[in-house]
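# Inside the fold
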Amino acid sequence: MSPGITVNQNIAEMEYAVRGPIPQRAAELRRQGKRTIPCNIGNPQGLGQQPISYYRQVLSLLEAPSKIARERRLNKLRSSAPAAFAGLAADDFVSDYILDLCDEMLAKFETGLGAYTESKGPLFIREAIARFIDTREDAESSGAPRSDPEHIFLTNGASEAGKNLVDLLIADRRDGLMIPTPQYPLYSAAIRRAGGCQVNYYLDEDSGWTLNRSMLEEALAAATRDGVAVKAIVVINPGNPTGAVLPKESIREVVDFAGQHGLAIIADEVYQDNTYGATFVSFAQTVGSQDVPLFSLHSTSKGFCGECGRRGGYVEVRNPPAVTNTSLSFMDLLLKQASVSLCSNTIGQALTYLMVCPPAPDSAPHKQFVEEKKQVLEDLYNKAALIRAAFAEMNGVECFGRTGAMYLFPRLNRLPAGTTDFDYCMSLLEAVGLCTVNGSGFGQRAGTNHLRVAFLPSRELLEEVLPRWVEFHNAYVNRKQ
Ligand SMILES: Cc1ncc(COP(=O)(O)O)c(C=O)c1O
């Protein structure tokens, strides 16, 4: 018999509720042939959201370049003999704009999508990201510092960027990162894995899950008293699980706080398109020309793109911190980390390019692109409103803040004595088939209970399931103790 091996205790202790016991039970129920609705995760296409046609048309041709010439031949034939194609619609053909774009992208990729790229990702994509950021910040007229393509790394989703940063920043078991409570558990898991300290700062539920300076100071002071060396603060905006879209003042407070205490900022901005009418204020804009280290993360998984399985994303670095214990710079170290995995996946890279380069306003695919984008975002908002309306019929349920990201995070004020939000979510799954995540999986103030639900199922499915949830809820909270 093998003598057995010792494994990394940090990995053994890592927790990630989004794929925890409740989703695991849901998988078991599905294997038994029961229907479950996976609202535990922000995976839009997993719940039927249709991909944006523009993205898929380009990606499919990049994967099968020989078809580009074929599509061109078809377009030529069609214009010379339209009658021969009478049974086909215009969108059965690929526009020359898309064909040209594919040729151009393949030429810039140089070695196709099957080859490794530069570790940071191809320069043309990093340049496009830098232009996208400059346009978003209106750098031209505001005079804000320009984004530097050399300070951008393409990553396998934002998760990889988050994990790499945490790995790099935690140099000692007394090193800590401030993370919001509640938070998306990528950060708590990455800190646990790196063997550092998690320093919680609380978001203010009653004021719509925003944050304020005194809460940040309190958390930092407590950590310092405990001997923790705090290196950075993580902010998720728009928030997961809270959905909060932070106002400019909150972001300014974080930047001032970080500047004053010499902390880096990790700004997880993957939901920057999921604001539903609110204004997204980036950390890059607020940092401006101040010398505060900033890492901003973006992804192709969210927004209206929703291509979670493509694993596209990037991190942009501003004001990289000085490094004291090696002659390598912070950027050298990030490059070293990226180099160990050789490069991020090329389809994710290509999709990231498309995310930052929507079709030109006068181009053939523009109209359909804009319509599909609008539809996805409108549907998301309307589905959130449907769920909020159901909360109003549930005894003791309050949902604070405006709608943002892809989640609602209501407070369950009336759970029967001795039960927790975990028990509630498990029972909800068993009774209704709805898979949600208990608030304790994200962290929450002691004595409160919540759940997170992704507002992603189709309207029809919600209309069917929500009345059953309301019924379940009111029976659950009113049951005899
Ligand atoms: C706040 C936040 N950051 C990062 C991620 C991970 O995104 P990606 O799919 O790009 O790794 C998620 C996924 O839900 C998220 O909610």
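For the structure, check the block above.
A brief structural summary.

### As for the site of the ligand
Near the ligand you find 14 residues, and of these Ser159, Asn240, Asp268, Tyr271 and Ser299 are the closest. A distance of 2.6 Å is found between an oxygen atom of the ligand and a side-chain nitrogen or oxygen belonging to Asn240. Here Ser301 contributes a side-chain N or O atom positioned 2.6 Å from an oxygen atom of the ligand. Burial of the ligand by the protein chains amounts to 95% of its free accessible area of 390 Å². It is helix H8 (residues 157–169) that provides the largest number of residues to the shell around the ligand, a total of 3 residues. Taken together, the residues that form the shell around the ligand break down as 6 nonpolar, 5 polar and 3 charged.

### Section: helix H14 (residues 346–356)
A large share of H14 lies buried, amounting to 11 of its 11 residues. Regarding H14, the residues found buried are Thr346, Ile347, Gly348, Gln349, Ala350, Leu351, Thr352, Tyr353, Leu354, Met355 and Val356. Looking at the buried residues of H14, the elements they touch are helix H3 (53–63), helix H5 (96–109), helix H6 (123–136), strand S2 (152–156), strand S7 (294–299) and strand S8 (312–318).

### Examining the packing of H5 against H14
Between H5 and H14, whose axes approach to 12 Å, the crossing angle comes to 125°. Between H5 and H14, the angle is such that the two are oblique. Crossing of H5 over H14 shows right-handed handedness. Two secondary-structure elements touch here, H5 through Leu101, Glu104, Met105 and Phe109 and H14 through Thr346, Gln349, Ala350, Tyr353 and Leu354. Each residue belonging to the contact of H5 with H14 can be placed in one class, and the counts come to 6 nonpolar, 2 polar and 1 charged.

Calculation rules
Residues numbered from 1 in each chain as written. Predicted model: local features only at pLDDT ≥ 70, side-chain atom pairs only at ≥ 80, totals over all residues. Heavy atoms only, no water. Near = heavy atom within 4 Å. Polar contact = N/O pair within 3.5 Å; in protein donor to acceptor, adjacent residues only side chain to side chain. Areas by Shrake-Rupley, 256 points an atom, 1.4 Å probe, with all protein chains shown as cover. Helix = DSSP H or I, 4+ residues; strand = E, 2+ residues; numbered from the N terminus. Nonpolar A, V, L, I, M, F, W, Y, C, P; charged D, E, K, R; others polar. Buried < 20%, exposed > 50% of the residue type's maximum accessible area, 1.4 Å probe, protein only. Contact = heavy atoms within 4.5 Å. Axes fitted to C-alpha atoms, helices over the stretch in contact; angles between N-to-C directions. Parallel < 35°, antiparallel > 145°, perpendicular 65-115°, else oblique. Left-handed = near helix turned anticlockwise from the far one by under 90°.

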